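# A closer look at the structure
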Amino acid sequence: MQRTHAATASTMPVFPPADNSIPTGVFSPARPSDQRTACPILNALSNHGILPRDGRDITASQLRSAMRYLSVSPELAYLAVFGPYNFHPPSALLRSAKEKGVYTDAQRNRVIDYSLLNLGPGFIEHDVSISRQDREVGDPIRADPALLKQFLSFRPPGSSYAITDTAVYRKKRYAQQAMSNKSMKYGLVEHSIVAGETTGLHNIFGQGWNYEIPQSWLKALFVEERLPIEEGWRVRSFPFTVIEGWLVWIFVFIFAWPFTSMRELWQGSAKSAVRESKLSRIVHSF
Ligand code: HEM
């Protein structure tokens, strides 16, 4: 019998835990055999069993359900999930779920493993992350302890990070990477993705008009890759819609604009003494 996911997409998420011994929702860090991504939020969802704990065989429907759990509206969840399943370069890691007898929707008959998202730059992965190193100079998938420390001490202990703080932090990270990674790749596409990640993070976990996230919540998310439920986070009571996301994205895109000149934007890492000195001033203001 054919099964579609139409019913599940509009109702509560379906959580098929890979490890049935751990109840869904309970936090349990990844085992060595589990796959994880460079996305702390996907990792946290897997660590709670809201996405498969082993990071494998994830259907678009499961991913959308997990987004819905985080209060993302159905339309925005659809847009967020469409790309990875439809535009990622074909790969042996994409397998037809039909072959496994899972479901047969022609558009969404694929499953992905997290390792697909880790294949390298060109789709979602990019240089200048908050918590991961650039591929050219380090590990782009696992969080870098020094970067985590730097991010979590960007604001005084016990404070919250408004969306403007994270946007400014992103700008500083750009200057830092531009100084340390001579082959850094960061242009309009990467900046758009980064603005999207920042928007998602603050819309889902932020509070108040400037989407403030307590430092302890960021620590749970980025260091333990755990949803900050113990610290008091609750799923927001109204959905995070495309319109809200779009407005906030524009704001972040402008506020986090890191390029020191138009020439630099068009030519990539255009080298000039003026740019070097501007970047170095930004890095030293950390
Ligand atoms: C609403 C849910 C999501 C939120 C709030 C979110 C948030 C974030 C944030 C804040 C980062 C930046 C991490 C850093 O710079 O250290 C990130 C990175 C990433 N996200 Fe997500 N994400 C979400 C959903 C997704 C989905 C659905 C995918 C793809 C299936 C995805 C794939 C990635 C990847 C591959 C990265 C690594 C980019 C890089 O730094 O190279 N994320 N995400």
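A brief report on the enclosed structure follows. (Residues numbered from 1 in each chain as written. Predicted model: local features only at pLDDT ≥ 70, side-chain atom pairs only at ≥ 80, totals over all residues.)

Moving on: the nonpolar core. Within the largest apolar cluster, 38 residues are counted, with the highest numbers of intra-cluster contacts made by Leu45 and Leu221. Per-element tally for this core: the top contributor is helix H9 (residues 215-224), with 5 residues. The residues that make up this core include at least three from each of domain 1 (6-117) and domain 2 (145-284). When neighbours within four sequence positions are excluded, leucine 221 is seen to be in contact with Pro40, Ala44, Phe205 and Pro228. (Core = buried A, V, L, I, M, F, W, Y, C linked by C-beta atoms within 7 Å. Buried ≥ 20, exposed ≤ 12 C-beta atoms within 10 Å, placed from the backbone. Helix = DSSP H or I, 4+ residues; strand = E, 2+ residues; numbered from the N terminus. Domains from an automatic or database assignment. Contact = placed C-beta atoms within 7 Å.)

Where helix H6 (residues 145-152) meets H9, the axes come as close as 11 Å, and the angle between the chain directions of the two elements is 165°. By the angle between their axes, H6 is roughly antiparallel relative to H9. In terms of crossing hand, the pair formed by H6 and H9 is right-handed. Of the residues in H9, those in contact with Leu148, Phe151 and Leu152 of H6 are Gln215, Leu218, Lys219, Phe222 and Val223. Residue composition of the contact of H6 with H9, by class: 6 nonpolar, 1 polar and 1 charged. (Axes fitted to C-alpha atoms, helices over the stretch in contact; angles between N-to-C directions. Parallel < 35°, antiparallel > 145°, perpendicular 65-115°, else oblique. Left-handed = near helix turned anticlockwise from the far one by under 90°. Nonpolar A, V, L, I, M, F, W, Y, C, P; charged D, E, K, R; others polar.)

A word on helix H10 (residues 242-255). Over its 14 residues, H10 extends 20 Å from the first C-alpha to the last, a length consistent with the 20 Å expected when each residue adds 1.5 Å. Every buried residue of H10 is accounted for by Gly245, Val248 and Val252. The buried side chains of H10 occupy one side of the element, clustering within an arc of 75° when seen end-on. Facing away from the buried surface of H10 by more than 90 degrees, the exposed residues are Ile243, Trp246, Leu247, Ile250 and Ile254. Packing partners of the buried residues in H10 comprise helix H4 (74-86), helix H7 (163-180) and helix H8 (188-205). (Expected span 1.5 Å × (residues − 1). Arc of directions from axis to C-beta.)

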